[in-house]
Structures are given as C-alpha cells and as structure tokens.
Amino acid sequence: MKRSLLAFALFLPCAARAESSRARRYYHEEIHQPFFRLDASSGAFVSQRPGALPSSFSARKGTATFRVCVLGGSIAYKYLQGSRSIEPALRRALPGRKVEVLKCGMPGYDSHRERLLLQEVLGYSPDRVILLTGHNERLSSPPAPGWKLALRDRVSRVAALRSALELLPRRPPPATGDPLTSAREREEDFEKNLLAMLRMAKEKGVPLLLALPPLNYRDAPTRYPELGPVFVRGWIPFLKGSFEEASRAWEEALSSEPVPSGEKSAVLFYLGRALEALGRQGEANRRYEEAMEEDSLWPGRCTPGRRRLIRRLAESERAPIADLDAVFRGLSAPRLPGLDLFDSAVHWHHRLDAAVTRALLLALGEDPGPEERARGAGGLSRAEAARVLWAGLADSAVEARPFRSAGYVAAVRAARPDWFADPARLARRAEVSARPLEAEAWGQPPLRVDLARLRWTLGHVRLLHSEFAAAALDFEEALRLDPSLPLHLENAVSLAFSGRPEAAARSLERLRGFGAVREAEEARRALGL
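Since we're looking at a predicted model, the values are computed, not measured. (Residues numbered from 1 in each chain as written. Predicted model: local features only at pLDDT ≥ 70, side-chain atom pairs only at ≥ 80, totals over all residues. Heavy atoms only, no water.)

K.L.:
Looking at this structure, I do not really get the overall build of the protein chain. What am I missing?
P.N.:
Along the protein chain, the regular secondary structure elements total 21 helices and eight strands. Residues classed as buried in the protein chain amount to 52% of the 529 residues present. By sequence separation, contacts in the protein chain at least 24 residues apart represent 72% of the contacts at least 6 residues apart. By element, 53% of the accessible surface of the protein chain is carried by carbon and sulfur atoms, the whole surface being about 23600 Å². (Helix = DSSP H or I, 4+ residues; strand = E, 2+ residues; numbered from the N terminus. Buried < 20%, exposed > 50% of the residue type's maximum accessible area, 1.4 Å probe, protein only. Contact = heavy atoms within 4.5 Å. Areas by Shrake-Rupley, 256 points an atom, 1.4 Å probe, with all protein chains shown as cover.)

K.L.:
Quick question: what am I supposed to make of the pattern of salt bridges here?
P.N.:
Opposite charge on two side chains permits pairing when their charged atoms draw close. If you walk through the whole model with that rule in mind, you get 41 salt bridges. In this structure, Glu315 engages Arg311 in a salt bridge whose closest nitrogen and oxygen atoms are separated by 3.7 Å. One end of the pair is Glu315 and the other is Arg311, both in helix 11 (residues 304-316) and four residues apart, which spans about a single turn. By relative accessible area, Arg311 is classed as partly exposed at 29%. Residues joined in a network through salt bridges with shared partners are Arg233, Glu257, Glu509, Arg512, Glu521, Glu522, Arg524 and Arg525. (Salt bridge = Lys/Arg side-chain N within 4 Å of Asp/Glu carboxyl O.)

K.L.:
How do you make sense of unusual backbone geometry when you look at a structure like this?
P.N.:
For residues that are not glycine, phi is negative in most cases, and the peptide bond is trans in most cases. Between Ala333 and the following residue, Pro334, the backbone shows a cis peptide bond with an omega angle of 5°. Relative to the assigned elements, Pro334 resides in the loop between helix 12 (324-332) and helix 13 (353-364). The backbone of Asn136 sits at a positive phi, close to 70°, despite the residue not being glycine. Along the chain, Asn136 turns up in the loop between strand 6 (128-132) and helix 5 (146-164).

K.L.:
Help me understand the side chain of Glu263, please; the structure alone is not making it clear to me.
P.N.:
With respect to the helices, strands and loops of the structure, Glu263 is situated in helix 9 (residues 261-277). Among buried Asp, Glu, Lys and Arg side chains, Glu263 stands out as unpaired, with Arg518 the closest opposite charge at 6.8 Å. Filtering out sequence-adjacent residues up to four positions away, Glu263 remains in contact with Glu226, Gly228, Pro229, Val230 and Phe231. (Lys, Arg positive; Asp, Glu negative; His and termini not counted.)

K.L.:
Looking at this model, I keep getting lost on the confidence of the model for the protein chain. Mind explaining?
P.N.:
As a general rule, the predicted coordinates of low-pLDDT regions are not to be interpreted in detail. Per-residue confidence for the protein chain gives a mean pLDDT of 84; residues scoring 70 or more make up 83%. No element of the protein chain has a lower mean pLDDT than helix 5, which averages 52, and none a higher one than strand 6, which averages 98. Across residues 1-19, confidence stays below pLDDT 50; counting only partners more than four residues off in sequence or on other chains, it has 16 contacts. Confidence drops under a pLDDT of 50 for residues 160-181, and excluding neighbours within four residues, the segment shows 16 contacts in the predicted structure. (pLDDT = per-residue confidence, 0-100.)

K.L.:
How should helix 21 (residues 517-527) be read in this particular structure?
P.N.:
Turn by turn, an α-helix covers 3.6 residues, leaving residues three or four places apart pointing in a common direction. Those residues of helix 21 that sit buried are Glu519, Ala520, Glu522, Ala523 and Leu527. Each buried residue of helix 21 sits inside an arc of 165° when the element is viewed along its axis, so together they form one side. Its buried side turned inward, helix 21 meets helix 7 (229-239), helix 19 (488-497) and helix 20 (501-513). Directly after helix 21, the chain includes Gly528, whose backbone phi takes a positive value near 70°. (Arc of directions from axis to C-beta.)

K.L.:
Would you mind showing me how to read the sheet that holds strand 8 (residues 321-323) here?
P.N.:
Either a parallel or an antiparallel arrangement is found when strands of a sheet pair, and the pairing is made through backbone hydrogen bonds. Ordered by their spatial adjacency, five strands build an open sheet running 5-4-6-7-8, and the pairing between neighbours is parallel. The open sheet terminates on both sides in strands that have one partner only, identified here as strand 5 (98-105) and strand 8. Between one strand axis and the next, the sheet turns through 20° on average, direction left out of account. Of the pairings in the sheet, the one linking strand 7 (residues 208-212) to strand 8 comprises three bridges and is parallel in character. Opposite Leu212, over in strand 8, you have Asp323 as the bridge partner. Across the sheet, helix 11 is in contact with strand 7 and strand 8; its angle to strand 7 comes to roughly 155°. (Pairing = 2+ DSSP bridges. Axes fitted to C-alpha atoms, helices over the stretch in contact; angles between N-to-C directions.)

K.L.:
Would you take a moment to explain the sheet that holds strand 3 (residues 56-58) for this structure?
P.N.:
Taken in spatial order, the three strands of this open sheet run 1-2-3, and their pairing is antiparallel. Either end of the sheet is taken by a strand with one partner, and the two such strands are strand 1 (36-39) and strand 3. Recorded for the sheet is a direction-independent mean angle of 30° between the axes of neighbouring strands. Pairing geometry for strand 1 and strand 2 (residues 44-47), over four bridges, is antiparallel. Bridge pairing in strand 2 places Phe36 opposite Ser47.

K.L.:
When you look at the nonpolar core in this model, what are you seeing that I'm missing?
P.N.:
For soluble globular proteins, nonpolar side chains are generally found buried alongside one another. The biggest cluster of nonpolar side chains holds 57 residues, and the ones touching the most others in it are Val70, Ile86, Ile130, Leu132, Trp348 and Leu360. Sequence-distant contacts of Ile130, that is, excluding residues within four places in its chain, are made with Val68, Cys69, Val70, Leu71, Ile86, Leu209, Leu360 and Leu364. Judged by nonpolar contacts, the second largest core, of 53 residues, contains Val259, Tyr270, Ala284 and Phe403. (Core = buried A, V, L, I, M, F, W, Y, C linked by side-chain atoms within 4.5 Å.)

K.L.:
Would you mind going over the state of the cysteines with me for this structure?
P.N.:
The bond known as a disulfide is covalent and runs between the sulfur atoms of two cysteines. Counted under the stated rule, the structure contains zero disulfides. Cys104 supplies the cysteine sulfur nearest to Cys69, a cysteine that is in no disulfide, at a spacing of 3.8 Å. Under the relative-accessibility criterion, Cys69 is labelled buried at 0%. (Disulfide = S-S within 2.5 Å.)

K.L.:
Looking at this model, I keep getting lost on the environment of Ser405. Mind explaining?
P.N.:
Mapped onto the elements, Ser405 comes out in helix 15 (residues 403-415). Among the residues examined, Ser405 registers a relative accessible area of 0% and is labelled buried. Here the alpha-carbon distance between Ser405 and Leu389, two residues 16 residues apart in the chain, equals 8.4 Å. Contacts of Ser405, omitting those with residues within four sequence positions, involve Gly392, Ser396, Glu399 and Thr457.

And the structure:
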C-alpha cells in the first residue's frame, strides 16, 4: 500500500507539470531566447519563437528600407493577421521604399515581456516601433527566474509526496491581498516598464509610437460579479423593465452606503444599461467607464485610468500617440463601443483594422490614402457572430455568473436566431467554429461547452429579453444537469415573473442555503413574495 501511494505521489507532480509546462515555457523561459534567428541560406532574420507570426527581414538593411516593428499582446497579434493591417498600407504609402514589418505581437504578453522583446528588436535598426500595450497586466505577471521555477518543481514534488503519504496536511492557499493595494502595485509596475521602453527607444534614436488601446465599454461587465443586496435591489426591477426604479435604487445606494468592489462594478455597469434604456446616454457612458475602472477583480484588461497613464507618459517623453480609443468612440457615438465593434472584451472585429491602420499611419506622419477609410458599426456577419459566440461560451466556463457571456450570446442571438433552436446543436456549432479561432489564440484550450452552464447562460439571455417562462425552463434544466450551480436567484426571478410564486419562494430558500441570506431577503421583498 505504501509503495502504491509513493508511485501515485510521484506521478501527481509530473501530471501537474505536464499541464502547466507549456505555459511556463511560453511566459517564463522562451522570453529569454532570441525572438529572431539568422537564416544563413537566405541572409534574413526569421521569427523563431513558438506562437509567433511568420516574420522576416534582411540581415543587411538597405538605404531604401523602411523597417517597422509592431509590438504588443494579442490585440497586436490579431491585428497583424488581417489583410488591412499596417504592412500592406505602408507599401501603398511608400511605393519607392522596401517595407519590412517585424510582427512581434504575442498573445498574453504584458509590459514585462514587451520590454524584454523591445530590447532585442531595437538592435535590428528599426525606423519606427509601434507599441499596442495596456492589457494583460497582473500582479503575478513579472517573469520568474529559472532557479525559482526549478525550486518550485522540487517543492511541489515533496509536497505531493507528503500529502499522499498523509505525513503533512495540505495548507490553504494564501490570501490574495487587498485589491486596492494589488491594483496600485500593478499600475506602478506598468508605469515603470512603459517608461523604461520609451527611454530605451529614445536612447537608440527610434521613434516609439504608443497606441492607446480601444476599450469595449458597453458589453464587457466584470467576469466576477458579487451579487450582494445592493445589486439585487435594482436588478429585479431592471429585469422587469422598470428602468427608472432600477436606476433610482442603484444611484441612491451608491451615494449612501459602501458597496464592495465586485458588487459595485456590476451595479455601475447595469446602471449604465438602465440609463441607456431611459435615453440618458451621456450618464450611461459615464457609468460604463466607472464600472470598468472599478473592476479590480479582472485586472487583465486595460482600464480608462491606465489609458490616461499611457497618454501622460507619452506626452512627458514627447512620444507620438495614436488614440485608437478615440477612433472607436467616434465610430460608435453617441454610445460607447461594445459588441458592434468588438468580438470580445478587448479584440476588435477585423473590419475595424482599416480604422486602426489609418490612425497609425496618421500618427507616423504618412498619408493613409482613400483605401484606409473604415467601416464602423454594423450588424454581425456570420464569421463575427462565430467569434462572439466563442468568446461568450469560453468566458462562461470561468465566470462566477454568466453576465458577460449572456450579453455576448444575446448579441449572437439577435444576429443569428436560427442557431438557437436547439441548445445541443448550438454547443456543437460553438465547438466546431472555435477550432480555427483557437489556432489563432496561443494557449486557448479547445472549447468544450458544458451544457449545464450553457443552459444557465441561455436562461440569462431570456431574462434580459423578459422571456421569463422560457428562462425558468432553462434554469431548471441547468439544475437537473448540475445541481451545484448557484443560480437560485435567477431561477426565483424567472419563476416569480412567470406566475409561479410558490416555486420562486422555494428557490429563494435554496439561495439562503448558499449563505446569501441578505440577497434572498432583498429578492423576496422586490418580488413581493
């Protein structure tokens, strides 16, 4: 028995390492290897980093060569794949020059990894560097040195062995710390890295163009909402279509009582939704911005505050700026940008590449020409709908509650209602359509749709459209498939509004069983049960 436990313990860390080894290589090991290598047969440097886009340039730079490096995370990676990106546009704008574009967009890269990569590419004598930065900043993002990774492997092996032999009990994970402190440290790290990049480029005499990333304000609420009593107080009249009552309840609460950050972000976002429904677009836009700023629970995306920081540093170092967020706001006005321009929280539709290219060319001092006029907001094409569906159902697998994924899926349903006749077929469609998209996104695991969470998400979509009886059926099926889902609040609302008060009261009792006593009491009062 002891020997079998020992074998099991030795296997455990190997399995864990196998699962995480690719991410470790990508984020912590390969970043210290050269991005480009010299191909002796062609006399050109070619990209060699796993996950990078194909890219090459001459080892000997000619006098007629105009060399540009585009650097950043997944927004740069996806943009460089498009047919209307900066490379073909520069060739049209500079017909007498040999244009070389170093494609250095890498999904998931943050300012730490961008800084390391910039050090390398500045050695290749670029004429310009374009940096699309601001996303993916996390407190744990600094690259770990090799010795620490090796030590972590040894510790995990010993810990697994002791745990399996029951010699040492497992310890609880450490606390994550104060969100405000974490956010402050993230911004300090980002500022330090960005300032270093600006000064590195200046020392080399290379203009560094900072692109302020466009933001999806209207359709990307927090992934991790905390549904406290303040949120519930306005959410139930919101679902009933009583937007004045909902906005009044939320605004009074925000002005009179402290609201936890995760709950406050959700309150501000849906307050924006309510104000927009009332035709108060300017106030709605302000609340959407506040919701994004408040969302410290998902630090991976750029915030309005970080965008202001990028602008301030660029101006202090006299670096050129391309304000892509202002471009997208102009295309979406009077509303703020949402899924009309984006297919996820941060990635825009490829049809917006022309608008991005035009802004970059103008910031570089080049004439974009008439071909770079952009098509802005519009209905989702079939390909765009597939991207949004993929993003929504991928988010639903990690969300605490399907608020964001429901918004994405609702947009797809409006564009492609024929896809929604059968949830099982919808799941298969999402998995099939995800395959080519996953090939574009490094590290994205294959999408496997959980039917229980899909029905939970579809129930949310129906709640948003006041289809309460159909929503109740979706929630009941989700609970049949997975009784552990914490969806009793949504289920109670759908049951109450579809004329089943006794069943709604029972659902609220189950909500109390999850420890949400104040939320259940607030819902009971709002529903009149």
